[in-house]
Amino acid sequence: MKSRHQIMSSEMLPAFIESSNVERKQSLSEDQEKSQKPRLGEQFEPISKRQMKKLIKQKQWEEQRELRKQKRKEKRKRKQLERQCQLESNLDGNDRKRIRRDVVHSTLRLIIDCSFDSLMVLKDIKKLHKQIQRCYAENRRALHPVQFYLTSHGGQLKKNMDENDKGWVNWKDIHIKPEHYSEFIKKEDLIYLTSDSPNVLKELDESKAYVIGGLVDHNHHKGLTYKQASDHGIDHAQLPLGNFVKMNSRKVLAINHVFEIILEYLETRDWQEAFFTILPQRKGAVPTDKACESSSHDLKSARIEDGLDSDSSEEDNSRNELESPHEEEKQDKENSSETTVNSIPH
């Protein structure tokens, strides 16, 4: 009897263990489902407008991946065709050396002041180096190249150029000097270009020497170039950007942008054309006349909408009209968002 009971219990044991394991799994899965379900009374954090815009932009970026890939392919094909055409034209005798004979050198002196070396970290020094490379390349290609000076050259910048761009010692049509520009250029010939100056340039005087501050600082040293020019008694001015362009972003331009705008102006003698040829699209630049038309149209639309809203009181209408420009400014700020160095001709 005892042995029979033992046999039955031993036979039933695996089935009992299996059923207990099944029950345990079911209870665990139920607990997981409960934990995943939101509890009653819990509320999800609302998504802000800015976060929603970021999500929409991210989605658009992903959706346009193939389009960007196609555009890159087309750009490569276009460059290959341009190179092929250039080679064919060279075979016909219309080579680059003959083209450069038509270049008319400007007497305007354009200086990049590199005396701010100690105020920059290595990352910004590298950015400055790339911008100088771009200036050099564009000046070599220009129809009216300027007398290009690089002054106070030394420190971190020279070290970075020695390590990463040893060919700079063979650069042509450029004066690279360790001295400060004030040591070899008369004070009365100098004009420091700074966005903080109250003076606005109307045209360029090719007998003058224009100075661009070689400072990549992300607004850490705001007004420094203007202060330096004022302290040294040097004339100063800013480009007439505000007269021709309305931008979503700040009006402080990269060194190479200022340099290229001056080169473009010397060729076209048209500030607006120079600005819109050089300024990158991310700056959101539009002509000032169109900006004025757009803002007046928006204001009229807002007034019409306010007039059609019969349920709102006169006090609400006046408040909306007063607030609308601020809303536009806020929208502009929300909508606002290093340049690739081209191959440098020697």
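Residues numbered from 1 in each chain as written. Predicted model: local features only at pLDDT ≥ 70, side-chain atom pairs only at ≥ 80, totals over all residues. Heavy atoms only, no water.

## Side note on the UniProt feature "active site" (unreviewed entry) in the protein chain
Thinking step 1. Those residues carrying the UniProt feature "active site" (unreviewed entry) are Asp217 in this numbering.
Thinking step 2. Along the chain, Asp217 turns up in the loop between β5 (209-213) and α7 (224-231). (UniProt positions renumbered as here; feature names shortened; annotations may be inferred. Helix = DSSP H or I, 4+ residues; strand = E, 2+ residues; numbered from the N terminus.)

## Focus on unusual backbone geometry
Thinking step 1. One non-glycine residue, Asp173, adopts positive backbone phi at about 55°.
Thinking step 2. Note on placement: Asp173 falls in the loop between α6 (155-164) and β3 (174-176).
Thinking step 3. Among the residues examined, Asp173 registers a relative accessible area of 40% and is labelled partly exposed.
Thinking step 4. Look at Arg269: it is not a glycine, yet its phi comes out positive at around 60°.
Thinking step 5. As for its placement among the helices and strands, Arg269 is situated in the loop between α9 (255-268) and α10 (271-278).
Thinking step 6. What makes Arg269 partly exposed here is its relative accessible area of 43%. (Buried < 20%, exposed > 50% of the residue type's maximum accessible area, 1.4 Å probe, protein only.)

## So, the pairing of strand β1 (residues 109-113)
Thinking step 1. In terms of burial, β1 is largely enclosed, as 5 of its 5 residues are buried.
Thinking step 2. A two-sided burial pattern is seen for β1, the buried positions comprising Arg109, Ile111 and Asp113 on one face and Leu110 and Ile112 on the other.
Thinking step 3. Crossover β1 to strand β2 (residues 147-151) through helix α5 (residues 122-141) is right-handed.
Thinking step 4. Relative to β5, β1 runs parallel, the two sharing 5 bridges. Opposite Ile111, over in β5, you have Val211 as the bridge partner. (Right-handed = clockwise from strand over helix to strand, strands pointing away. Pairing = 2+ DSSP bridges.)

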